[in-house]
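Listed here are the chains, written in short residue letters.
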Amino acid sequence: MSKFHIILPGRNFFKEIITLAFPLVISSSAWTIQHFVDRIFLTWYSTESVAASMPAGMTNMLSMGIFTGTAIFTETFVAQYFGAKQFERIGAVVWHGIYIGVIGAIVHFLLIPFAPSFFHMIGHAENVSSLETVYFQTLCFGAFPVISSGAISGFFAGRGNTKPLMFATIFQTSINLIFDYLLIFGKAGFPALGIKGAGIASVISAYCNFIFLITLATREKYENEYKLFSSWRFDTKLFRRILKYGVPNGLQGTIDIAGFAIFLLLLGKIGTIPLAATNIAFNINTLAFMPMIGIGIAVSILVGQNLGGNNPEKAGQYAWAGFFITFSYMLVLAICYVTIPDVFIKPFSYKSDPTEFVAIRNITMILLRFVALYSLFDAMNVIFSSALRGAGDTRFIMT
């Protein structure tokens, strides 16, 4: 029986992970800033809006989780084919990820009529549940670009070419923040739509991101080497393979999101103030969490490439290097959550109701202590799950 052992990586392993992860960290951080500012704007608009945004947003992520997780798994296929130098097989994988986006879009169009009944059934305050319905329904129109962009991102990330993803996310974030401001508050002649405006901004930016990525991916140089444009024909055998490994990855993500979504939906029954405070605490946590995702993706890519190239020992060293980086990072942030929580909370107080926000602040400060504790375990979860994902062992992660 083989024994578990920590593989101490050399300096070069840390350097390679940081080099590969840096654009991904910038990319995930930009995405985090987008949602962070989005929640701040909604806090300024009304307490009910920020209270409704997280449950509805999480429910949308939950409904898309299995599709997004399956489409994103194209990254592992690409990484392993790239490591094995089977470049001609990469284009077809990306196209089949986009087909998953088409299926996801159809499912979400069908979900739109059921949203009012669902959020009414949850039992939140009537003014909150009506906003949750509007936000969820609006986000459903963005299912196709969100899911399909995950598949195209896998083409770039799986080959270790992460800079285009950084530029795409910065572009998407810029579009989202501009339209957030215009459509939530009604500036420059646009109507003040509140939470619906935030949803429309998200959908517009998602389509802009998809167009940006597909334009980059279909350039002639990629067609010559990876058959990215000409491999569009549907292949039942390949689609089944992607589903075999990708669906457990999607289910794992869905189950993870479900825990948060169900928690938020139940918490809303306590009241609008506790729900708003919890949304803010989760939003602050996302600032820390998303850069870890960037490092996790880098670990997954390097593990996949090295296993594809038959170098399992190096794959293990990349996993441990990623762990040491993320755990150190999260330890520093956890200390900050406990010792200087107001640094993270203060941006939400601007333009909000001062009397109401005192109660929100007090609850958020307590919640951040819990965030500090579980964030350390999250660091381990992200890295070792990413390593297993790079190896294609999605069923174990799901279990």
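Residues numbered from 1 in each chain as written. Predicted model: local features only at pLDDT ≥ 70, side-chain atom pairs only at ≥ 80, totals over all residues. Heavy atoms only, no water.

Each pair of aromatic rings is reported with the distance of its centres and the angle of its planes. For the structure shown, the criterion picks out 32 aromatic pairs. Pairing Phe41 with Tyr181 gives two aromatic rings, centres 6.1 Å apart and planes at 55°, and the pair type is tilted. With Phe41 in helix H1 (residues 11-45) and Tyr181 in helix H8 (residues 163-185), the pair connects residues that are 140 residues apart, well separated along the chain. Overall, Phe41 belongs to the buried group, its relative accessible area being 12%. When the ring of Phe234 is compared with that of Phe239, the centres are 5.1 Å apart and the planes differ by 50°; the resulting orientation is tilted. Owing to a relative accessible area of 12%, Phe239 belongs among the buried residues under this scheme. (Phe/Tyr/Trp six-rings, centres within 6.5 Å; stacked < 30°, edge-to-face > 60°. Helix = DSSP H or I, 4+ residues; strand = E, 2+ residues; numbered from the N terminus. Buried < 20%, exposed > 50% of the residue type's maximum accessible area, 1.4 Å probe, protein only.)

Scanning the entire structure with this criterion turns up one salt bridge. Residues Asp342 and Arg361 are paired through a salt bridge, measuring 2.9 Å at the closest nitrogen-oxygen approach. Of this pair, Asp342 sits in helix H14 (residues 342-349) while Arg361 sits in helix H15 (residues 354-390), and the two are 19 residues apart along the sequence. Note on Arg361: relative accessible area 28%, which makes it partly exposed. (Salt bridge = Lys/Arg side-chain N within 4 Å of Asp/Glu carboxyl O.)

Another point: a nonpolar patch on the surface. Taken together, Val102, Ile106 and Leu110 make up a surface patch of nonpolar side chains, about 280 Å² in accessible area. Residue placement: Val102 occurs in helix H4 (residues 90-111). Exposure remark for Val102: the relative accessible area of 38% places this residue in the partly exposed category. (Patch = residues over 30% accessible without salt bridge, like charges linked within 9 Å, V, L, I, M, F, W, Y side chains within 5 Å. Areas by Shrake-Rupley, 256 points an atom, 1.4 Å probe, with all protein chains shown as cover.)

For H8, with 23 residues, the first-to-last C-alpha span of 33 Å sits near the 33 Å given by 1.5 Å per residue. Following H8 by one or two positions, Gly186 has its phi on the positive side, about 75°. (Expected span 1.5 Å × (residues − 1).)

Everything listed here is a matter of geometry and, on its own, says nothing about what the molecule does.
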